[in-house]
Amino acid sequence: MKMITCIAPINMAVIKYWGKRDEELILPINDSISASLSTDVMCAKTTIVTSALLKENKFWLNGQEQSFDSPRLTNCLRAIKKRADEKLPHLHWNISICSENNFPTAAGLASSAAGYACLVYALAQLYNIEGEISNIARQGSGSACRSIYGGWVRWHKGNSPVGEDSLAKQIVPADHWPEMRLLVLVVNDTKKKYSSAKGMAITTLTSSLIKYRANEIVPRRIEAMEQAILNKNFQSFAELTMKDSNSMHACCLDSFPPIAYMNEVSHSIIQLVHLYNDYKKELTVAYTVDAGPNTCIYLLESEVEDFLSIVNFVFPNNVDDNEYYRGLKLPSIRPLDES
Ligand code: DP6
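Residues numbered from 1 in each chain as written. Predicted model: local features only at pLDDT ≥ 70, side-chain atom pairs only at ≥ 80, totals over all residues.

*Asks:* Describe the overall build of the protein, naming the residues involved and giving the relevant values.
*Replies:* Assigned secondary structure in the protein consists of 10 helices and 16 strands. The proportion of buried residues among the 339 residues of the protein is 47%. Contacts in the protein between residues far apart in sequence, at least 24 positions, make up 75% of those at least 6 positions apart. (Helix = DSSP H or I, 4+ residues; strand = E, 2+ residues; numbered from the N terminus. Buried ≥ 20, exposed ≤ 12 C-beta atoms within 10 Å, placed from the backbone. Contact = placed C-beta atoms within 7 Å.)

In structure tokens, the structure reads:
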């Protein structure tokens, strides 16, 4: 028997991936950039067991058994096994996968990114695969390729029709900008109506704005964002982050039928961020929203206390602060134990 357990971080995009040019291979229409978060607060944990005695393949997510036949899982497994040494005896045994997220699944908090990054990394460990695996994680969920690396990560869309060059590369490790924090304001932790996959498929098919975004806006913005991160220029970083989130959601609304991921609370938080920045006379906090209403705030450590006290004042709640606002440091994926 062999067993491996890994944990992987969620990542939060500052230049968003929205739209595929190939649905099956999960090839995006634009590059994207994100930060992988510290695994001490929000992460996926996956254990894989393989044994000659296992009669069939099994997969559990958060304690519930899932079908093993999902195309995304099958594609990842096939791609990993193709890279393994045929002579490895346990390559031909069945496997049992048990995966857990310590945060709401499918509520726009990048659960599939952490989940598939963790799964692919664990499989690579199990079958002794070395080298590039982000283009395999991508086949589980696009954004998962970025969670393979720690720190600031860019997913290069690539040009190949088969996707071998559509992969993630680290821009800088997390300790490059150690003061950076992310607050995840959980507005609603129920499952979203349109998954990211469905939402971006509708947008790609029906929005005319998305073409302009992918071909004109993002290519310029991605270079500027890389510079902002390299130079630790928070003003530029914040402006690009907020504008890119707005642009993605504008494309969602430009879809037919329109897709609205944000709700009134998300919009109120956005207003609050703008008011707060106006009051501070510079950009000190930046919002970004994925495919759901939960609103994330990038800010520097020195700003956390002030901003949180305003948020607590404007949105009083009876839930323990730690449940609502999670201050995250950045960092990466690591194997927990191997036996
Ligand atoms: C809004 O990676 O979940 O979070 O590739 O279909 O699995 P699939 O989509 P997914 O989409 C993430 C979209 C996003 C933006 C981002 O993370 O870049």
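*Asks:* Outline helix α5 (residues 196-206), listing residues and values.
*Replies:* An α-helical turn contains 3.6 residues, so a residue and the one three or four places further along point in the same direction. Along α5, the residues that are buried comprise Ser196, Gly199, Met200 and Thr203. Looking straight down α5, one finds that the buried residues subtend no more than 90° of arc, so they occupy a single side. Contact partners of the buried residues in α5: β3 (20-22), α6 (209-230) and α7 (234-253). (Arc of directions from axis to C-beta.)

*Asks:* Account for the pairing of strand β13 (residues 285-289), naming residues and giving values.
*Replies:* Taking burial as the measure, the five residues of β13 include five buried ones, the bulk of the element. In the sheet, β13 pairs with strand β14 (residues 295-300) via five bridges, with the strands oriented antiparallel. Bridge assignment links Tyr287 to a residue of β14, and that residue is Ile297. Hairpin connection from β13 to β14: five residues lie between these consecutive antiparallel strands. (Pairing = 2+ DSSP bridges.)

*Asks:* Can you lay out the nonpolar core for me, pointing to particular residues and giving the numbers?
*Replies:* One finds Ala117, Cys118, Val120, Tyr121 and Ile297 to be the most contacted residues of the largest nonpolar core, which totals 91 residues. The biggest single contributor to this core is helix α2 (residues 111-126), with 12 residues. (Core = buried A, V, L, I, M, F, W, Y, C linked by C-beta atoms within 7 Å.)

*Asks:* Residues and numbers for the sheet that holds strand β5 (residues 32-36), please.
*Replies:* Note: strands within a sheet are paired through backbone hydrogen bonds, in either parallel or antiparallel orientation. Strand order in the open sheet formed by four strands is β2-β5-β10-β11, and the pairing between neighbours is antiparallel. Of all strands in the sheet, those with a lone pairing partner are β2 (11-15) and β11 (167-172), marking the two edges. Neighbouring strand axes in the sheet, compared pairwise and without regard to direction, differ in orientation by 35° on average. Where β5 lies against strand β10 (residues 152-156), four bridges are found, and the strand directions are antiparallel. The residue of β10 that forms the bridge with Ser34 is Val153. (Axes fitted to C-alpha atoms, helices over the stretch in contact; angles between N-to-C directions.)

*Asks:* If you had to explain the site of the ligand to someone new, which residues and values would you point to?
*Replies:* The local shell around the ligand holds 15 residues, among which Ala13, Ser141, Gly142, Ser143 and Ala197 are the closest. Counting residues per element, the ones that place at least two in the shell around the ligand are α2 and α5. Residue composition of the shell around the ligand, by class: seven nonpolar, six polar and two charged. (Near = placed C-beta within 6 Å. Nonpolar A, V, L, I, M, F, W, Y, C, P; charged D, E, K, R; others polar.)

*Asks:* Requested: an account of unusual backbone geometry, with residues and values cited.
*Replies:* Omega for the peptide link from Phe256 to Pro257 comes to 5°, which places this bond in the cis form. Looking at the element boundaries, Pro257 is found in the loop between α7 and α8 (264-280). Within the chain, Lys232 stands out as a residue other than glycine whose phi angle is a positive 50°. Within the secondary structure, Lys232 is located in the loop between α6 and α7. Its identity as a non-glycine residue notwithstanding, Lys281 has a phi of 65°, on the positive side. Among the structural elements, Lys281 can be located in the loop between α8 and β13.

*Asks:* Just give me the short version of helix α1 (residues 71-83), but keep the residues and values in it.
*Replies:* The end-to-end C-alpha distance of α1 is 19 Å, a good match for the 18 Å that 13 residues give at a rise of 1.5 Å each. By the burial criterion, the buried members of α1 are Cys76, Leu77 and Ile80. Burial along α1 is one-sided: seen end-on, the buried residues are contained in an arc of 95°. Exposed residues on α1 whose side chains face more than 90 degrees from its buried face are Pro71, Thr74, Arg78 and Lys82. (Expected span 1.5 Å × (residues − 1).)

*Asks:* Which residues make up the packing of α1 against α2, and what values do they have?
*Replies:* Closest axis-to-axis distance for the α1/α2 pair is 10 Å, and the angle between their directions is 25°. The pairing of α1 with α2 is recorded here as roughly parallel in orientation. The handedness of the crossing between α1 and α2 is right-handed. Between α1, through Cys76, Leu77 and Ile80, and α2, the contact on the second element is made entirely by Tyr116, Leu119, Val120, Leu123 and Ala124. Here the residues of the contact of α1 with α2 sort into eight nonpolar, no polar and no charged. (Parallel < 35°, antiparallel > 145°, perpendicular 65-115°, else oblique. Left-handed = near helix turned anticlockwise from the far one by under 90°.)

*Asks:* Could you give me a rundown of the environment of Ile4, with the residues and numbers involved?
*Replies:* You can see Ile4 is positioned in strand β1 (residues 2-9). Expressed as a C-alpha distance, the spacing of Ile4 and Ala44, which sit 40 residues apart in the sequence, is 14 Å.

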